[in-house]
Amino acid sequence: MKYLTVLLCALFLMSCNKDRDDPQIRFITPAQNSEVEAGVQFTMQAEVTDNEAISSIVVGGDVQDLEITGITDVLKHNFLVNITPSADTPSGAELTITVTAKDVAGNSESEDLVVIVK
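Attention in this report is confined to the structure presented alongside it. (Residues numbered from 1 in each chain as written. Predicted model: local features only at pLDDT ≥ 70, side-chain atom pairs only at ≥ 80, totals over all residues. Heavy atoms only, no water.)

Ranked by size, the top nonpolar core spans 23 residues in total, and within it M44, I57, V59, F79 and V99 carry the most contacts. Elements that contribute at least two residues to this core include exactly β1 (24-29), β3 (42-61), β5 (74-83), β6 (94-103) and β7 (108-117). Examining the composition of this core, we find that seven residues originate from one element, β3, more than from any other. (Core = buried A, V, L, I, M, F, W, Y, C linked by side-chain atoms within 4.5 Å. Buried < 20%, exposed > 50% of the residue type's maximum accessible area, 1.4 Å probe, protein only. Helix = DSSP H or I, 4+ residues; strand = E, 2+ residues; numbered from the N terminus.)

This is the structure we're talking about:
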């Protein structure tokens, strides 16, 4: 019984130190619900931060999935992605760009940026 108590206490203490904080995602440009032109490239800029370390960032949604590289075990990563809406996208259509970030503890967060095609 003594060993079981020690084991349970050790497991409890290890679980208390586990990173439970999700990465944070902030879109810098363009602003939410900005207008973009069909067939014309625009640049999305975003920043991902984490209290421990970022392990991966993927940009997707209504755009082709793209993994951001060069982010091994950093606390903050600012990046740019060039996006070109299809030339045949109808005026008024919403284009959703999803950024998903994971940290080294396996926590993840996704945020959407919506732009309107004019």
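Looking at the element boundaries, S34 is found in strand β2 (residues 34-36). The exposure class assigned to S34 is buried, which follows from its relative accessible area of 19%. From its side chain, S34 meets the backbone oxygen of A31 in a polar contact 2.7 Å long. The residues contacting S34, other than those within four sequence positions of it, are V114, V115 and I116. (Polar contact = N/O pair within 3.5 Å; in protein donor to acceptor, adjacent residues only side chain to side chain. Contact = heavy atoms within 4.5 Å.)

To continue, consider the environment of G92. If you trace the backbone, G92 turns up in the loop between β5 and β6. Overall, the relative accessible area of 48% leaves G92 in the partly exposed class. Discounting chain neighbours no more than four positions away, the residues touching G92 are I116 and V117.

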